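These are the residues of each chain, in order.
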Amino acid sequence: MENQEKKHKRRVRYSGTHPKSYKEKYKELNPEKYADTVAKVISKGGTPAGMHISICVKEILDFLQIQPGQIGLDATLGYGGHTKEMLKCLQSKGHIYALDVDPIESAKTKARLQEQGFGEEILTVKLLNFANIDQVAAEAGKFDFVLADLGVSSMQIDNPDRGFSYKVEGPLDLRMNPQKGTSAAERLKHIDREELIGMLVENSDEPYAEEIAKSVLSRQRKGQEILTTTDLKQTIEEALSFLPAADRREAVKKSCQRTFQALRIDVNSEFEVLYQFLEKLPDVLTPGGRVAILTFHSGEDRLVKKSFKECYKAGLYSEICKDVIRPSAEECVRNSRARSTKMRWAIRA
């Protein structure tokens, strides 16, 4: 009988001194094994591949004032950094429920937190959209504290297979849950000019919405499908080719950021989901219960600010933040992705 043992397969080596593609960054993708490499990337203000650095942790914990024995909700689990710090505050007494719609990342995070000693006796992870917080409250009871971090996790942005970034080639997907709904590529196939212009303006205040919409539809009429992140980036470059060369590069970069944001908001129904969450929020909080929300663009912040003000006037909140809270300058240096963050809070009457 022939020897069926598998031969050892060497890892593919990257060219040059530093790995460039996501999959080549094997050390960053194994933080437990290569802690020194991860620490080095973070110290230089970067985010290691496959990781997410939580924002405004101190500010959140200072406001929530979590006590042992309380029941809390992390409405957006992500990499679990905020969840872990809140769990520490409970000192093994109480419980946190954590929600996420991403089946890929939430399973990894649950396993990671279990390995760090936070098992099901203190943490319940649910594959659920945070618009359904009333369902969780029906099971768990009302919450003493709630956190919602509305940002896209770095693990999703950096992984080219998810299609969240124009900087790397990948399928134009942009779904938080890639197993459900319509991808951004499919969405663009069936959109008309006026709808696309409206999406770009409403979701990201895109100043070149008309030019980009014209370029998208022109490309599709020629039978050139927009299937990848690079396809969309090239379409935007074509749309802005009329700009002076000196201004074009920066304009393309910003329009790519805004267009990808607008599409992501659309395919995930982010504004509708946030509206439902905010509407149900007062009913899931205990009297004196605290909520903190992190937003990352003006559309989200406007919705949160408006909801908090209306609920305060209606007597549902006893107090809301008068001024938005920003990450410190030091945090923004350490983590460039923190720069656009705004934090707002409210206390249940």
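Described in the following lines is the structure provided in the data block. (Residues numbered from 1 in each chain as written. Predicted model: local features only at pLDDT ≥ 70, side-chain atom pairs only at ≥ 80, totals over all residues. Heavy atoms only, no water.)

Looking now at the packing of aromatic side chains. Enumeration according to the criterion identifies 6 aromatic pairs in this entry. Ring plane angle 70 degrees and centroid distance 6.0 Å describe the contact between Y208 and F242, whose orientation is recorded as edge-to-face. Residue Y208 is located in the loop between α8 (193-204) and α9 (209-221), and its partner F242 is located in the loop between α10 (229-239) and α11 (245-267); the two are separated by 34 residues in the primary sequence. Here Y208 falls in the partly exposed class, since its relative accessible area comes to 22%. (Phe/Tyr/Trp six-rings, centres within 6.5 Å; stacked < 30°, edge-to-face > 60°. Helix = DSSP H or I, 4+ residues; strand = E, 2+ residues; numbered from the N terminus. Buried < 20%, exposed > 50% of the residue type's maximum accessible area, 1.4 Å probe, protein only.)

For the rest of this paragraph, the subject is the pattern of salt bridges. Within the structure shown, the criterion is met by 21 salt bridges. Where K189 meets E186, a salt bridge forms, and the shortest distance between an N and an O atom there is 2.9 Å. Of this pair, K189 and E186 both sit in helix α7 (residues 184-189), 3 residues apart, which is roughly one turn of the helix. In this structure, the salt-bridge partner of E206 is R258, at a minimum N-O distance of 2.8 Å. Here R258 lies in helix α11 and E206 lies in the loop between α8 and α9, a separation of 52 residues in the sequence. Among the residues examined, E206 registers a relative accessible area of 4% and is labelled buried. One network of salt bridges, with partners in common, ties together E186, K189 and E225. (Salt bridge = Lys/Arg side-chain N within 4 Å of Asp/Glu carboxyl O.)

A word on the pairing of strand β7 (residues 342-348). Among the 7 residues in β7, 6 count as buried, and that is most of the element. As paired elements, strand β5 (residues 285-295) and β7 share 6 bridges and run antiparallel to each other. Across the sheet, the residue bridging to A292 is W345, located in β7. The pairing of strand β6 (residues 317-320) with β7 spans 3 bridges and is antiparallel. Of the residues in β7, the one forming a bridge with I320 is A346. (Pairing = 2+ DSSP bridges.)

Right, let's talk about the nonpolar core for a bit. Residues L172, L174, L188, L196, L232 and L263 are the most contacted members of the largest nonpolar core, which totals 31 residues. At 7 residues, α11 tops the list of elements feeding residues into this core. Excluding residues within four positions of it along the chain, L174 makes contact with R162, G163, F164, A184, F260, L263, R264, V267 and N268. (Core = buried A, V, L, I, M, F, W, Y, C linked by side-chain atoms within 4.5 Å. Contact = heavy atoms within 4.5 Å.)

Turning to the packing of helix α12 (residues 270-284) against helix α13 (residues 298-313), a few remarks are in order. In a packed pair of helices, the relevant descriptors are the angle between the two axes and the axis-to-axis distance. One can describe the packing of α12 onto α13 by two numbers: an axis separation of 10 Å at closest approach and a directional angle of 20 degrees. For the element pair α12 / α13, the angle class is roughly parallel. Like other packed secondary-structure pairs, α12 and α13 cross with a definite hand, here right-handed. Two secondary-structure elements touch here, α12 through E270, F271, L274, L278, L281 and P282 and α13 through G299, E300, L303, V304, S307, F308 and C311. Taken together, the residues of the contact of α12 with α13 sort by class into 9 nonpolar, 2 polar and 2 charged. (Axes fitted to C-alpha atoms, helices over the stretch in contact; angles between N-to-C directions. Parallel < 35°, antiparallel > 145°, perpendicular 65-115°, else oblique. Left-handed = near helix turned anticlockwise from the far one by under 90°. Nonpolar A, V, L, I, M, F, W, Y, C, P; charged D, E, K, R; others polar.)

We now examine the layout of surface pockets. There is about 800 Å³ of room inside the second largest pocket. Along the wall of the second largest pocket there are 40 residues; nearest its centre are T76, D100, V101, N129 and M176. Elements represented by at least two residues in the lining of the second largest pocket include exactly α3 (81-90), β2 (95-100), α6 (154-158) and α12. The element contributing the most residues to the lining of the second largest pocket is α12, with 4 residues. (1 Å grid on protein atoms, 1.4 Å probe; cavity = no way out; pocket = protein on both sides within 12 Å on 5 of 7 lines; lining within 4 Å. Points joined across faces, edges and corners; volume = space filled by probe spheres on them.)

Everything listed here is a matter of geometry and, on its own, says nothing about what the molecule does.
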